[in-house]
Amino acid sequence: MTVDLASPAALSDLERRVLAGVTEEAWLDLACALIPAGQPEAENPLDPDQPAGREEGAALFIADLLKDMGFAVELPTKREGRPNVVASLPGAGGGASLILNDHLDTYPAGDWAAWTMTGGHPFRPTRHGDRLYARGTSDTRGNLACTLLATRAILAAGVRLKGDLSCVYTADEEKNGPDGSIFLLDEKGLDADCVIVCEPTGWTAEDGSWGLGVAVANGGNFLVEVETRGTKTHLWRPDTGVNAVAKMARLLPALETMTFAHTPAKLAGGTPPRTTILRIAGGVPREMQFTPDVCRVVLGVVGVLPGMTADSVMADIEAVIANAMRDDPELDASARPYPQALFVEGTLEQDGDAEPTAALRRAYVRTLGTEPKLYRKNAFNDTIRFAERGKAAVTFGPGDDGWAPINESIHIGKAVAATKVLALAMLDILGVAE
């Protein structure tokens, strides 16, 4: 199918009624209610060795909003305190089925005192100019507000949809989905013809112009632990031992600049396959009289492309270590997948002329007057779990496609525009019953 974008159709009376419900005030009200819901309990660090978040507070709050809209709501739960929200609105028949997806957890806020834009409270939504600040604004409660507002605007306009609409909000996305999207897809049979994951795809150019991309593919990731081993000696005689930390310091530049074997993808993504250093540890308390005999580093492997595997990534890392050990007979090092970490594959590109991308493109042109950029998103989101199971899934949302450790924010104008695009695309995909 070829998408006709040359002459975007004028808005119908029904579409105008729907978009009249998409206002800045309405989006702000929803976003400011959603951002603090169930926080900070829903913070969910990627670290496999750290306790997972508990999304129950956010799930129950959102479930009530959906029930008020007329959805049948279920809370499938794999792990206590971590319900998913699956809300269903059956259509009149004759239309495609659509899942709108977002996630309930957020990454941790860190040092609250560093949140200067929210008065030292990361979950207090605070507006400065055209941006709203707080943890979860961009990833991804602000985007979630877009899905709820678009849905509410359609229903408030009296629209009866042909296709079945599901609003699915998952737990555990920050840890790659075992208790969320993987559980729902593999154990609960979650399915639809199309999936739109409303996660950050927003961009802003140096000249201040901005827009929203449609991510038709994703890069994968992996966590790897590298260990160096030495010989402990007294600090007064470092020449008689082998310092494991010093050896790691010499090995890290090779690991940080290494390349990975891969086949170039149609859309390469902003980050090529590479490593990033996440943790380093060496030495033990009460032993400062001695040099460390073990040092461990956790590497993140990001930008993983289709065709790369856990085995191929480990083989590339082990080859770098083997070369370093040949150059330094005193170096004793090894690598292993970080315990409990999942290998996340890169996904193949969705067809830009097929649904749901085609509907998003048509709606984008009608809303913003230009074509959205189709690209590969570097980060994990639940789009990957849908796509790797054969679903037609893409990512589209107003959050910034970049992640602020502190003072996270979202552009309010982008959020309103994205909600309008979503609403028009939903009407297009699902169809309107007479």
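Residues numbered from 1 in each chain as written. Predicted model: local features only at pLDDT ≥ 70, side-chain atom pairs only at ≥ 80, totals over all residues. Heavy atoms only, no water.

Draft legend 1. Structural context of the packing of helix H2 (residues 24-34) against helix H10 (residues 412-430). With their axes 10 Å apart at the nearest point, H2 and H10 run at an angle of 105° to one another. What the angle tells us is that H2 and H10 run roughly perpendicular. On H10, the residues that touch Glu24, Trp27 and Leu28 of H2 are Ile412, Ala415, Val416 and Thr419. For the contact of H2 with H10, a count of residues per class yields 5 nonpolar, 1 polar and 1 charged. (Axes fitted to C-alpha atoms, helices over the stretch in contact; angles between N-to-C directions. Helix = DSSP H or I, 4+ residues; strand = E, 2+ residues; numbered from the N terminus. Parallel < 35°, antiparallel > 145°, perpendicular 65-115°, else oblique. Contact = heavy atoms within 4.5 Å. Nonpolar A, V, L, I, M, F, W, Y, C, P; charged D, E, K, R; others polar.)

Draft legend 2. Geometry of the packing of H2 against helix H4 (residues 137-156). One can describe the packing of H2 onto H4 by two numbers: an axis separation of 9 Å at closest approach and a directional angle of 130°. Considered as vectors, H2 and H4 are oriented oblique to each other. By crossing handedness, the relation of H2 to H4 is classed as right-handed. Across the interface between the two elements, Ala26, Trp27, Leu30, Ala31 and Leu34 of H2 pack against Arg141, Gly142, Leu144, Ala145, Cys146, Leu148, Leu149 and Arg152 of H4. Class assignment for the residues of the contact of H2 with H4 results in 10 nonpolar, 1 polar and 2 charged. (Left-handed = near helix turned anticlockwise from the far one by under 90°.)

Draft legend 3. Here's a closer look at the side chain of Glu408. By the element assignment, Glu408 lies in the loop between strand E16 (392-395) and strand E17 (409-411). Look past the residues within four positions of Glu408 in its chain and what remains in contact with it is Tyr107, Trp115, Leu132, Tyr133, Ala134, Arg135, Gly136, Thr137, Ser138 and Asp139.

Draft legend 4. A look at unusual backbone geometry. The step from Gln39 to Pro40 runs through a cis peptide bond, and the omega angle for that step is 10°. Take Pro40: it is sitting in the loop between H2 and helix H3 (56-68). A cis amide bond, omega 10°, links Glu355 with the succeeding residue Pro356. Inspection of the secondary structure assignment puts Pro356 in the loop between strand E14 (332-337) and helix H8 (357-368). If you check the backbone angles, Gln340 has positive phi at about 75° while not being a glycine. Note on placement: Gln340 falls in the loop between E14 and H8. With a relative accessible area of 69%, Gln340 lands in the exposed category. (Buried < 20%, exposed > 50% of the residue type's maximum accessible area, 1.4 Å probe, protein only.)

Draft legend 5. Just the nonpolar core, in detail. Trp27, Leu66, Leu98, Leu165, Tyr169, Leu360 and Phe396 are the most contacted members of the largest nonpolar core, which totals 64 residues. Among the elements that take part in this core, H10 stands out by supplying 13 residues, more than any other. Setting aside anything within four residues of it in sequence, one finds Leu360 in contact with Ile196, Val214, Val394, Phe396, Val421, Leu422 and Ala425. In terms of nonpolar packing, the next biggest core, distinct from the first, is built from 27 residues, Met248, Leu255, Leu305 and Leu331 among them. (Core = buried A, V, L, I, M, F, W, Y, C linked by side-chain atoms within 4.5 Å.)

Draft legend 6. Examining the UniProt feature "domain: Peptidase M20 dimerisation" (unreviewed entry) in the protein more closely. The feature "domain: Peptidase M20 dimerisation" (unreviewed entry), as annotated in UniProt, sits at residues 220-327 in this numbering. From the first C-alpha to the last, residues 220-327 spans 32 Å; its make-up is 29% helix and 28% strand. (UniProt positions renumbered as here; feature names shortened; annotations may be inferred.)

Draft legend 7. Summary view of helix H1 (residues 13-20). The complete set of buried residues in H1 reads Glu15, Val18 and Leu19. Relative to the axis of H1, the buried residues are bounded by an arc of 90° and lie together on one face. When the buried face of H1 is taken as reference, the exposed residues oriented beyond 90 degrees from it are Asp13 and Ala20. As for H1, its buried residues are in contact with H4, H8 and H10. (Arc of directions from axis to C-beta.)

Draft legend 8. Region of interest: the packing of aromatic side chains. Evaluated as defined, the whole model comprises 3 aromatic pairs. Seen in terms of ring centroids, Trp112 and Phe123 are 5.9 Å apart; in terms of plane orientation they differ by 75°. Their pairing is edge-to-face. Taken together, the positions of Trp112 in the loop between strand E3 (98-103) and strand E4 (126-128) and Phe123 in the loop between E3 and E4 put the pair 11 residues apart, joining distant regions of the chain. Overall, the relative accessible area of 4% leaves Phe123 in the buried class. Their ring planes at 85° and their centres at 6.4 Å tell us that Tyr364 and Phe396 sit as a pair that is edge-to-face. Of this pair, Tyr364 sits in helix H8 while Phe396 sits in the loop between E16 and E17, and the two are 32 residues apart along the sequence. In this structure Tyr364 comes out as buried when scored by relative accessible area, which is 3%. Since its relative accessible area comes to 1%, Phe396 is described here as buried. (Phe/Tyr/Trp six-rings, centres within 6.5 Å; stacked < 30°, edge-to-face > 60°.)

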